[in-house]
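# Coordinates in review
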Protein chains: 4
Amino acid sequence: MSPPLAVIFGAGPGTGAAIARALAPTHALVLLSRSLPGSLAKLELKVPDDRVLAATFDAKNSAASFKSALEQARAKWPESTVDVGVCNASVGFAPGPFLERSTDDLRGNLEACAQAWDFSQAVIPAMLPAGGTLIFTGATMAVRGGANFSAMAPGAFARRALAQSLAREFGPQGIHVCHVVVDGLIDTARVKGIMGDKAATVEEGTRLEPDGIAQVYVDIVNQPRSTWTQELDVRPMKEKW
Amino acid sequence: MSPPLAVIFGAGPGTGAAIARALAPTHALVLLSRSLPGSLAKLELKVPDDRVLAATFDAKNSAASFKSALEQARAKWPESTVDVGVCNASVGFAPGPFLERSTDDLRGNLEACAQAWDFSQAVIPAMLPAGGTLIFTGATMAVRGGANFSAMAPGAFARRALAQSLAREFGPQGIHVCHVVVDGLIDTARVKGIMGDKAATVEEGTRLEPDGIAQVYVDIVNQPRSTWTQELDVRPMKEKW
Amino acid sequence: MSPPLAVIFGAGPGTGAAIARALAPTHALVLLSRSLPGSLAKLELKVPDDRVLAATFDAKNSAASFKSALEQARAKWPESTVDVGVCNASVGFAPGPFLERSTDDLRGNLEACAQAWDFSQAVIPAMLPAGGTLIFTGATMAVRGGANFSAMAPGAFARRALAQSLAREFGPQGIHVCHVVVDGLIDTARVKGIMGDKAATVEEGTRLEPDGIAQVYVDIVNQPRSTWTQELDVRPMKEKW
Amino acid sequence: MSPPLAVIFGAGPGTGAAIARALAPTHALVLLSRSLPGSLAKLELKVPDDRVLAATFDAKNSAASFKSALEQARAKWPESTVDVGVCNASVGFAPGPFLERSTDDLRGNLEACAQAWDFSQAVIPAMLPAGGTLIFTGATMAVRGGANFSAMAPGAFARRALAQSLAREFGPQGIHVCHVVVDGLIDTARVKGIMGDKAATVEEGTRLEPDGIAQVYVDIVNQPRSTWTQELDVRPMKEKW
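Predicted model only: the values in this text are computed from it and were never measured.

Moving on: the side chain of C:S165. Structurally, C:S165 is set in helix α4 (residues 153–170). Ignoring anything within four residues of it in the chain, the contact list for C:S165 reads B:G145, B:G146, B:A147, B:F149, B:S150 and B:A153.

Given below as structure tokens:
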């Protein structure tokens, strides 16, 4: 048994876990995040142990983290190839006035692009023999530089530039690269806390649902070579755009 | 039994028929094109008669054609509501130098926008009570005005403008409007003829497949209210973009 | 004496007149609008009679109006060639809900593209021998289809598509085509009336000034063949974008 | 005598020098580049010594370089304020396959954004009291991620994101921020060398001219608060786009 592998970088409890759950029926999962593998149980994946591998991502050793995770995956599933890569870790949300932000804030966010680069350097060679799909999770600030986003938007734009360049370079070689602009708040426990939600559920169509986003990623993975989407937006019904 | 209705304007033998086939398992079909209903058999839908209604679209009486088709649909499925509208008829392909084209050529292509308008005027009120999905088939010339496309691109841009305006006006009211840029040649009998294909099949990833496009439309129809895409591109793996 | 000609379609008392005044030092003016030549005095051009020709534009005979104006110009300045064309007449502002607008409203606005087409058919052949500049005045609704703009945005998008196609077709032949998105309210007598301005002047940077726009057009006309801009936006300092 | 200051970062012998020459009649010049002040003579500015200050930019101490230059300027022209900033230093041109590029290549190019950040941190506070203009020189790779541009486009996109964010944050405060996409080869000595030009001049309209670009910058600086352009492209007449 050699299931195709899906490598997910940024496997947190919200969208990352939803993407993992959505790919689990068809793929063995290689998950990376800062707190994994300790917190794997928290993701509630309901996936048997022989179908999941959790590795810790060390931001100080980005390239080595990806290399190590892929080596562990090869050891665990020697016959498998990488079919899907999801670069779900992106720029953290911390807007603020330009003159109250430092070059280090900017550099920290540009680093999200360097990590996406290292991730791509690891998974693309593993995908080249049989083809595959590489998805970047983006945000509105990847396409619009808003006031107070000066330290954040550059990193997000940079990741989109990387995705677009890779799409054009590796598309003809069989690797489908897609950048998804996630436009709006995602209805996760963390966002509920930040927004001070009183009710358990929010009004329909006002927030993105992790499972809805995950289904979009599955749709992208399933697109045949005749019909690829390289960039798309998703937003809740009532989001202004 | 009252199946939800999918109304497809531009139900020709290529993409239109593929979309119809893809929606048939879940929707009763109301099909409009210039040559229907006579040529319904040619679409090879393999759908029982009680699940399909074929109506002729008269370009001279655009609004009346849509009104009549919806009235026939209401008579055939009195309990059903319109769930999906597909505006698949677009600007015809006839590029050429500006100084060899006439105002009538331009107006004929702008008329594709007026037909999309009439179609939307017919299906949106039918969708408002329960929500629904309205998809416009676009093309690269809807987002890029190329040399020799002066008589064509304006109509295609205009249709995209209409789709975008409707998406913003009716999205919050539960109608998901999406414009799909179909970028590349579609592998239909007609295109095979134009391109003088010798072989029965083309190289993988060089042309769009009608069934691939149709699956994208099904994906859009299935998007929940938390996660809507309003604009996306599709192209074959080897298409330059 | 054979001054180069600037043909301005949409020579109203606001932006059109400002563009005419700005080009007057270097060009003889051929002006077209619905109410000209009767209202030429109102434009307060301060241009001698031998440097200006006012012609009436008849929307019912668009192509003939342009042809006639150019013939008059050739009779008045037999040695001159057309150096600048400004298509300043665009889609009128009348937003409203889609279901309260008719196909005729849409068609009326699409007609702005057909008029731009006829204008281009008239001036481009006159420009080809020596090169020249053709500028389209656009608006935000030429690049964004907003809610309640369904009857307007299609015409504005269509004009931009035309400008872009012409830029790509005739640029290499020496005709510089540029589409200017004018984003915001222009401080004209008409807008002052609509907005119910009490004071004679508005706060600095809240409205576009006709003379500011006109200077942008002069800048574009002056761009050498090494450095052309085909699309740009202008907006007041405090406009949100 | 207290001339307004123009601070130009990236004052090389091509476009940077042309911008300096174009601004010299109206502004005292503060120039920064890696090789200045030793090579100031090479710029052939023909500007008297009391109107120019040349400072060395140290990439290892980006923020300190800008701070020092502005302090020298204040010492030289104590009554002057900064009116113009030009961030002309951008991502260097070194395309190549993704798998032959390293994270360091990427990071080196992202650093162009960090330098633009430091430059903006230095000049914006100096501009806030009286307003001013901040122009970023960009390139096509700032808006399109091409194949083989994976290590370059992210830095260029990031700079555009920064410019756009600053435009939206500081525009209402009187600082006009504009990003210029320079699309095409610039006709400089360096490019002539790379392209192996035999003739002294190239065919008209095939390359950008430094003086043409510089005039665009002057036009932007001269735009009044009623009429600002925040993003524009320039290209030679025969450039494909």
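Picking up where we left off.
Think of interface size as the accessible area that goes away when the parts come together; that is how it is often given. In this assembly, 41 residues from chain A lie in contact with 41 residues from chain D. When chain A packs against chain D, close to 3300 Å² is buried across both sides, 64% of that on carbon and sulfur atoms. Its salt-bridge partner being D:R107, residue A:E111 comes within 2.3 Å of it at the nearest N-O pair. If you look at where chain A meets chain D, you find 21 residue pairs in polar contact (both at pLDDT 80 or more). Those elements giving two or more residues to the side of chain A that touches chain D turn out to be α3 (103–127) and α4 (153–170) of chain A. Its residues placed into classes, the side of chain A that touches chain D shows 23 nonpolar, 10 polar and eight charged.

Let us now look at a nonpolar patch on the surface. On the surface, A:L185, A:I194 and A:M195 cluster together into a nonpolar patch covering about 290 Å² of accessible area. Checked against the element boundaries, A:L185 lands in the loop between β6 (175–182) and α5 (189–195).

Here chain A sits on chain D after a turn of 180° about the axis and a move of 0.0 Å along it, with an RMSD of 0.0 Å. The transformation relating the two chain copies, once decomposed into turn and shift, fits a two-fold axis. A shared binding surface is used by both copies, with 100% of the interface residues of chain A retained as interface residues in chain D.

Right, let's get into the nonpolar core. Counting residues in hydrophobic clusters, the biggest one holds 83 residues, and the most contacted among them are A:L134, A:F136, A:L166, D:L134, D:F136 and D:L166. Non-local contacts of A:F136, meaning those with residues more than four positions away in its chain, are made with A:C87, A:A116, A:S120, A:R159, A:L162, A:A163, A:L166, A:V177, A:C178, A:H179, A:V180 and A:Y217. Within the second largest apolar cluster, 81 residues are counted, among which are B:L166, B:I175, C:L32 and C:C113.

Right, let's talk about the packing of α3(A) against helix α3 (residues 103–127) of chain D for a bit. Running from amino to carboxyl end, α3(A) crosses α3(D) at an angle of 155°, the nearest separation of the two axes being 10 Å. With respect to α3(D), the element α3(A) is oriented roughly antiparallel. Crossing angle aside, the handedness with which α3(A) passes α3(D) is right-handed. Residues A:T103, A:L106, A:R107, A:L110, A:E111, A:C113, A:A114, A:W117 and A:D118 of α3(A) form the contact with α3(D), whose participating residues are D:T103, D:L106, D:R107, D:L110, D:E111, D:C113, D:A114, D:W117 and D:D118. Residues belonging to the contact of α3(A) with α3(D) are distributed by class as follows: 10 nonpolar, two polar and six charged.

This next bit is on the environment of A:L53. By secondary structure assignment, the location of A:L53 is in strand β3 (residues 52–56). Ignoring any residue separated from it by four or fewer positions in sequence, one finds A:L53 in contact with A:L29, A:V30, A:L31, A:Q72, A:A73, A:K76 and A:W77.

Helix packing for two helices is described by the angle between their axes and how far apart those axes are. Residues and elements named next belong to chain B. Close contact between helix α1 (residues 15–23) and helix α6 (residues 210–222) brings their axes to 8 Å; oriented N to C, the two are set at 50°. Taken together, the axis directions place α1 and α6 in an arrangement best described as oblique. Read as a crossing pair, α1 and α6 show a hand that is right-handed. Residue-level inspection shows T15, A18, I19, R21, A22 and L23 of α1 in contact with α6, the latter providing P210, D211, I213, A214, Y217, V218 and V221. Class assignment for the residues of the contact of α1 with α6 results in 10 nonpolar, one polar and two charged.

Cut-offs used in this document
- Residues numbered from 1 in each chain as written.
- Chains lettered and ligands numbered in written order.
- Predicted model: local features only at pLDDT ≥ 70, side-chain atom pairs only at ≥ 80, totals over all residues.
- Heavy atoms only, no water.
- Helix = DSSP H or I, 4+ residues; strand = E, 2+ residues; numbered from the N terminus.
- Contact = heavy atoms within 4.5 Å.
- Buried area = accessible area lost by both parts, 1.4 Å probe.
- Salt bridge = Lys/Arg side-chain N within 4 Å of Asp/Glu carboxyl O.
- Polar contact = N/O pair within 3.5 Å; in protein donor to acceptor, adjacent residues only side chain to side chain.
- Nonpolar A, V, L, I, M, F, W, Y, C, P; charged D, E, K, R; others polar.
- Patch = residues over 30% accessible without salt bridge, like charges linked within 9 Å, V, L, I, M, F, W, Y side chains within 5 Å.
- Areas by Shrake-Rupley, 256 points an atom, 1.4 Å probe, with all protein chains shown as cover.
- Least-squares fit on C-alpha atoms with pLDDT ≥ 70 in both.
- Core = buried A, V, L, I, M, F, W, Y, C linked by side-chain atoms within 4.5 Å.
- Buried < 20%, exposed > 50% of the residue type's maximum accessible area, 1.4 Å probe, protein only.
- Axes fitted to C-alpha atoms, helices over the stretch in contact; angles between N-to-C directions.
- Parallel < 35°, antiparallel > 145°, perpendicular 65-115°, else oblique.
- Left-handed = near helix turned anticlockwise from the far one by under 90°.

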